[in-house]
Amino acid sequence: MDGFHLDNLQLKNLDLLHRKGAPETFDALGFLELIKAIRTTENLSFPVFDRDADQTIRDADNLGPKHKIIIIEGNYLLLKKYPWSDLKDHFDLSVCLEVSDIDLEKRLTDRWIAYGLDPSSASARALSNDMANVKYVKEHSILPDYRDAQV
């Protein structure tokens, strides 16, 4: 899903760069089209996100006949809001791995530290954007087929 981040320039023009990673900062329609095409397109290219460069790389990878099981990961795959809401119809199984907010905040802060932010800035970023997204997901998602709260 991360390959569908909108470009930083586009996010800046939309005044959404500070919210990068929130549902509205993705090309959700493009992602939905990719998901719809998986079963009907023999060789399907898709973008990936280069976190070090902080940019999406178009057509960076592909799916083909050799791929028998495809796992699609992302925070917004079960959102009730269109176009995210149309995704579940294309999944054979949906799974939600639940982590406590305390553990999530620590993991997110640690991630931002690993990407070069000082601990204070990392914590602020995790709280101001990432944890806001966590709350949104919890409040606006449909139930998965399977839920595991032991992560």
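Residue positions are given per chain, counted from 1 along the sequence in the order it is written. Local features in a predicted model are, by the rule used here, given only for residues with pLDDT of at least 70; side-chain atom pairs are given and counted only at 80 or more, and totals for whole chains, interfaces and linings are based on all residues. No hydrogens and no water enter the side-chain calculation; it runs on all heavy atoms of the structure.

### Focus on the nonpolar core
Item 1. As used in this record, nonpolar core signifies buried Ala, Val, Leu, Ile, Met, Phe, Trp, Tyr and Cys residues forming a set joined through side-chain atoms within 4.5 Å. When accessible area is computed with a 1.4 Å probe and restricted to protein chains, residues below 20% of their type maximum are described as buried, those above 50% as exposed, and intermediate ones as partly exposed. Counting 18 residues, the largest nonpolar core has Met1, Phe26, Phe31, Tyr76, Leu77, Trp84 and Leu87 as its most contacted members.
Item 2. Only runs of H or I of at least four residues qualify as helices and only runs of E of at least two qualify as strands under DSSP, and these elements are numbered from the N terminus. Elements with a contribution of two residues or more to this core: helix H2 (28-37) and strand S1 (44-50).
Item 3. By residue number, the principal contributor to this core is H2, which donates 6 residues.
Item 4. We call two residues in contact whenever any of their non-hydrogen atoms come within 4.5 Å of each other. Leave out the neighbours within four places in its chain, and Tyr76 touches Met1, Gly21, Ala22, Pro23, Phe26, Trp84, Asn133 and Val137.
Item 5. Counting 6 residues, the second-largest nonpolar core is a separate cluster that includes Trp112, Ala126, Met131 and Val134.

### A few points about the packing of helix H3 (residues 101-114) against helix H4 (residues 119-140)
Item 1. Axis angles are defined between N-to-C directions and span 0 to 180 degrees, where every axis is a line fitted to C-alpha atoms and, for a helix, only to the segment in contact. Relative to each other, H3 and H4 sit at 135°, their axes nearing to 8 Å. For the element pair H3 / H4, the angle class is oblique. Of the two elements, H3 crosses H4, and the hand of that crossing is right-handed. On the side of H3, the interface is formed by Asp101, Leu104, Glu105, Leu108, Thr109, Arg111, Trp112 and Ile113, while H4 contributes Pro119, Ala122, Ser123, Arg125, Ala126, Leu127, Asp130, Met131, Val134 and Lys138.
Item 2. Polar here means any residue other than Ala, Val, Leu, Ile, Met, Phe, Trp, Tyr, Cys and Pro, which are nonpolar, and Asp, Glu, Lys and Arg, which are charged; Gly is therefore polar. The class makeup of the residues in the contact of H3 with H4 is 10 nonpolar, 2 polar and 6 charged. Each angle receives one of four descriptions, namely roughly parallel if under 35 degrees, roughly antiparallel if over 145, roughly perpendicular if within 65 to 115, and oblique otherwise. Whether a crossing is left-handed or right-handed is set by the direction in which the near helix is turned from the far one by less than a right angle, anticlockwise for left-handed and clockwise for right-handed.

### Overview of the packing of aromatic side chains
What describes a pair of aromatic rings is the distance from one ring centre to the other and the angle between the planes of the rings.
Item 1. By convention, a stacked pair of Phe, Tyr or Trp rings (six-membered ring in the case of Trp) has centres within 6.5 Å and planes under 30 degrees apart, an edge-to-face pair has planes over 60 apart, and any other such pair is tilted. Per the stated rule, a full pass over the model turns up 6 aromatic pairs.
Item 2. Ring geometry for Phe26 and Trp84: centres 6.1 Å apart, planes at 80°, overall edge-to-face. Within this pair, whereas Phe26 is found in the loop between helix H1 (8-13) and H2, its partner Trp84 is found in the loop between strand S2 (55-63) and strand S3 (95-97), the two being separated by 58 residues in sequence. With respect to burial, Phe26 and Trp84 carry one shared label: buried.
Item 3. Aromatic side chains Phe31 and Trp84 sit 6.3 Å apart centroid to centroid with 45° between the ring planes, which places their arrangement in the tilted category. In this pair, Phe31 sits in helix H2 while Trp84 sits in the loop between S2 and S3, placing the two residues 53 residues apart along the sequence.
Item 4. Taken together, the aromatic side chains of Phe4, Phe26, Phe31, Tyr76 and Trp84 make up a single cluster linked through ring pairs.
Item 5. Counted as over-ring charges are cases with an Arg CZ or a Lys NZ within 6 Å of the ring centre that also lie within 35 degrees of the ring normal. The ring of Trp112 has Arg111 sitting right over it, with the charged end atom 4.5 Å from the ring centre.

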